[in-house]
Amino acid sequence: MKSPWIRSKETRMTSYADFYRRSIDDREGFWREQADLIDWQQPFEQVCDHSHPPFARWFVGGATNLCHNAVDRHVKERGQQNALIFVSTETHQERIYSFAELHTEVQRMSASLLALGVKKGDRVLVYMPMIPEAAFAMLACARIGAIHSVVFGGFASVSLASRIDDAEPTVIVSADAGSRGGKVVAYKPLLDEAITLAAHKPKKVLMVDRGLAPFDRVEGRDEDYAALREQHRHAEVPCEWVESSHPSYTLYTSGTTGKPKGVQRDTGGYAVALAASMKHIFCGRAGETYFSTSDIGWVVGHSYIIYGPLIAGMATIMYEGLPIRPDAAIWWSLVEKYKVTVMFSAPTAVRVLKKQDPAALSKHDLSSLRALFLAGEPLDEPTAKWIAQSLGKPIIDNYWQTETGWPILTICNGIEQAPSKFGSPGKAVYGYDVKLLDEATGEELTGANQKGVVAIAGPLPPGCMQTVWRDDARFVKTYWSSIPGKQLYSTFDWGIRDEDGYFFILGRTDDVINVAGHRLGTREIEESIASHPAVAEVAVVGVADQLKGQVAMAFAVLRDPARAADDASAMKLEGEIMKTVDEQLGAVARPARVRFVSVLPKTRSGKLLRRAIQAVCEGRDPGDLTTMEDPAALQQVKDLVAH
Ligand code: AMP
């Protein structure tokens, strides 16, 4: 079979081992070359300033703009080619914007934001469904030097309020509603409630009215995008050239505390990292079409729906809808129609497809497709084998995090074609000095097949998080303090590396869970459940699930046990508690079950034994329980799970 990979002239002679080695040993020379993949308005003076570790500044002194690199620079050469392809199987719309049209729309949005008082460095919170205006808003922020903070549309008012308070946006861009499975989900009431809850009040709310859900307008605060767009129809808004380290965006992600962290990303380093990844990892070329099935609310949406493909001069598909509606062939029909060459999805979505009619995958001409990339959660062997056989295309697992913005582990087929191993996302990606650390001693594990914490020696490569928004101390304490005296970034994942340098990820070391590829903090869910007046105390754990990878399972102690005295009242209360989570955090965080116990398993010092609860729920041995306060507590969990 002819190799599906395209390798550029300069990399054709290089082995991946050499390419990788150089990225670590000659970091400056390596990234200086990669920096040529983007446009600089003013050249940088220094490749990497690592004089204040763990903070790293990339391409110091260089001036650039993310929107220029994603849009403007393509207008001359490929202005009439597709840039943004919007497909909604929810509203039955399909709209295509060429690079020239995208350029115009982004300028209209930029002018509107400027008219509402947004200035360079201001935050703009984007709470939007998957519609083109969301992409325009992100690109417009980048264009005018504002910092966007996209909040996933599936989050509800309490999650949204905490992000509003942290980001302190000047303007919030939103829409009347999203739609899921044909059901309209009104956004505006959730947004209004969030603004009421938040201490910070945005000056303006810019509303895109899709005509899906009527909404109330707040006089003097809410603005109509259709009207502003019309006013700025002919706007010409030049790109604001910013220093490479200027923050392009913040994106909130869950950690071990209830308070989400604002992952802050730079401009120049991010643009270079994405451009390089499009070439060496995804092998996408200008003029082709990229299809990522993620959502703009997640990091994959930022890097590989919006910025990465556009920077590479590719058309990107923005899809609003389910993978199985109107039927399980919908994604593949888009691959055929738009001649998609590179596709990116998550294992959960593949597991959903696996339950459908297998004919859906063979109905369409998939000859344009070179590979399917999967990320966000562990890719199990049966799922990988099934999709590889069904599509007859390479399946490329890749492992990374919101914090890094682009893959840490994968196979870089753009450099050297290499086989994948089932269950492994691959080898360390160029730029990442990946180590495995002994959890107890912090010593580096250099032998094959030893289990350790996956860590990265500083500086992190370009494109990774700069810091936690407005909280440098939290950045250092959270990520860089696991091994005192060493500049090592912890991923909080367990891993092993085999004799060939392939890594296997074995799950999180902290209380973060991964439901259908969505990262959630168990503490956030616990806080929400505990806000229900009937609940005295609660423990939430992630439990293995065949479809979603993991689901959240809650065990609650009630103030008055009589509230769950019989099955009917327990079920009623369980429903009420789930509704509380839906309303506060969003359905994405809703636990699969809320079970009631009289006491939670804890150590004698009062620490919740989440891992023991999780083990029992998964039918595993809970391990050493000598420090447990009350053995009967775990028995209660066991009994409930058995029923
Ligand atoms: P997020 O920040 O939401 O992208 O979640 C990052 C976490 O998802 C990682 O720390 C891993 O625990 C998990 N993860 C992401 N990609 C993979 C993968 N390819 N294989 C295994 N786990 C993954």
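Residues numbered from 1 in each chain as written. Predicted model: local features only at pLDDT ≥ 70, side-chain atom pairs only at ≥ 80, totals over all residues. Heavy atoms only, no water.

With an unreviewed UniProt entry as reference, the chain is termed Propionate--CoA ligase, source organism Ideonella lacteola. Quoted verbatim from the Sequence similarities (unreviewed entry) field of the UniProt record, the comment on the chain reads "Belongs to the ATP-dependent AMP-binding enzyme family." (UniProt positions renumbered as here; feature names shortened; annotations may be inferred.)

Undergrad: Would you explain the pattern of salt bridges in this entry?
TA: Where charged atoms from two side chains of opposite charge come close, those side chains can pair. Inspection of the entire model under this criterion finds 45 salt bridges. R57 is paired through a salt bridge with E243; the nearest N and O atoms lie 3.9 Å apart. Taken together, the residues span a long stretch of sequence, with R57 in strand β2 (residues 57-60) and E243 in strand β13 (residues 242-243) at a distance of 186 residues. Look at R57 and you get partly exposed, because its relative accessible area is 36%. Across the pair K421 and D500 runs a salt bridge, and its minimum N-O distance is 2.6 Å. With K421 in the loop between β21 (409-410) and β22 (427-428) and D500 in the loop between β26 (488-497) and β27 (503-508), the pair connects residues that are 79 residues apart, well separated along the chain. Owing to a relative accessible area of 42%, D500 belongs among the partly exposed residues under this scheme. A single network of salt bridges, built from pairs that share partners, joins K188, D192, R221 and D222. (Salt bridge = Lys/Arg side-chain N within 4 Å of Asp/Glu carboxyl O. Helix = DSSP H or I, 4+ residues; strand = E, 2+ residues; numbered from the N terminus. Buried < 20%, exposed > 50% of the residue type's maximum accessible area, 1.4 Å probe, protein only.)

Undergrad: Got a minute to help me understand the site of the ligand in this structure?
TA: The environment of the ligand is formed by 14 residues, the closest being D397, T402, D493, R508 and R519. Taking N398, its main chain carries an N or O atom lying 2.9 Å from a nitrogen atom of the ligand. Between an oxygen atom of the ligand and a side-chain N or O atom of D493, the distance comes to 2.5 Å. Those elements giving two or more residues to the shell around the ligand turn out to be β20 (395-398) and β27. (Near = heavy atom within 4 Å. Polar contact = N/O pair within 3.5 Å; in protein donor to acceptor, adjacent residues only side chain to side chain.)

Undergrad: Help me understand unusual backbone geometry, please; the structure alone is not making it clear to me.
TA: The bulk of non-glycine residues show a negative phi, and the bulk of peptide bonds are trans. A cis amide bond links P53 with the next residue in sequence, P54, at an omega value of 5°. Along the chain, R325 connects to P326 via a cis peptide bond; the corresponding omega equals 5°. Its place among the elements puts P326 in the loop between β17 (315-320) and α11 (330-338). One non-glycine residue, F492, lies in the positive phi region at around 65°.

Undergrad: Would you mind showing me how to read the sheet that holds strand β4 (residues 82-88) here?
TA: The strands making up a sheet associate through backbone hydrogen bonding, with each pair oriented either parallel or antiparallel. On the basis of which strands lie adjacent, the open sheet formed by seven strands has the order β5-β4-β17-β16-β18-β19-β20 and mixed pairing. Taken across any chain shown, the strands that pair with only one partner, and hence form the sheet edges, are β5 (93-98) and β20. Each strand of the sheet is rotated relative to its neighbour by a mean of 20°, with strand direction disregarded. Two strands pair when backbone bridges link them, and β4 and β5 are joined in this way by six bridges, in the antiparallel orientation. Bridge pairing in β5 links I85 to I96. (Pairing = 2+ DSSP bridges. Axes fitted to C-alpha atoms, helices over the stretch in contact; angles between N-to-C directions.)

Undergrad: What is the right way to read the side chain of S277 from this model?
TA: Locating S277 in the fold gives a position in helix α9 (residues 268-280). S277 sits in the buried class, given a relative accessible area of 0%. Among the polar contacts listed, one links the side chain of S277 to the backbone oxygen of L274, at a separation of 2.8 Å.

Undergrad: Please explain the environment of L436 as it appears in this structure.
TA: As for its position among the elements, L436 is in strand β23 (residues 433-437). For L436, a relative accessible area of 0% gives the class buried. Note: C-alpha distance between L436 and Q389 (47 residues apart in sequence) is 33 Å. Sequence-distant contacts of L436, defined by excluding residues within four places in its chain, comprise E443, E444, L445, Q450, G452, V453, V454, G495, I496, R497 and F503. (Contact = heavy atoms within 4.5 Å.)

Undergrad: Got a minute to help me understand the nonpolar core in this structure?
TA: Generally speaking, soluble globular proteins have nonpolar side chains that are buried together. Residues L113 and Y430 are the most contacted members of the largest nonpolar core, which totals 115 residues. Among the elements that line this core, the one with the most residues is helix α5 (residues 132-144), at ten residues. If sequence neighbours within four positions are ignored, L113 has contacts with V118, V124, A137, A140, C141, I144, V171, V173 and L206. The next biggest cluster of nonpolar side chains, apart from the first, holds 31 residues, and it includes V350, L374, A384 and L391. (Core = buried A, V, L, I, M, F, W, Y, C linked by side-chain atoms within 4.5 Å.)

Undergrad: I keep staring at the sheet that holds strand β30 (residues 535-545) and nothing clicks. Help me out?
TA: The three strands are arranged β30-β31-β32 in an open sheet whose pairing can be described as mixed. The open sheet terminates on both sides in strands that have one partner only, identified here as β30 and β32 (593-597). For this sheet, the mean inter-axis angle between neighbouring strands, taken without regard to orientation, is 25°. Relative to strand β31 (residues 549-558), β30 runs antiparallel, the two sharing ten bridges. Directly across from V540, in β31, lies its bridge partner A554. Contacts from helix α16 (residues 567-584) reach β30, β31 and β32, with the element oriented near 125° to β32. Helix-sheet contacts for helix α17 (residues 610-617) involve β30 and β31, and the interaxial angle to β30 is about 50°.

Undergrad: Just checking my understanding: could you explain the packing of helix α1 (residues 16-25) against helix α2 (residues 27-34) for this structure?
TA: For any two helices packed against each other, the geometry comes down to the angle between their axes and how far apart the axes lie. Relative orientation of the contacting elements α1 and α2 amounts to 110°, with a least axis distance of 5 Å. Considering the angle they form, α1 stands roughly perpendicular to α2. Residue-level contacts link F19, R22, S23, I24 and D25 of α1 to R27, G29, F30, E33 and Q34 of α2. When the residues that make up the contact of α1 with α2 are grouped by side-chain class, the tally is three nonpolar, three polar and four charged. (Parallel < 35°, antiparallel > 145°, perpendicular 65-115°, else oblique. Nonpolar A, V, L, I, M, F, W, Y, C, P; charged D, E, K, R; others polar.)

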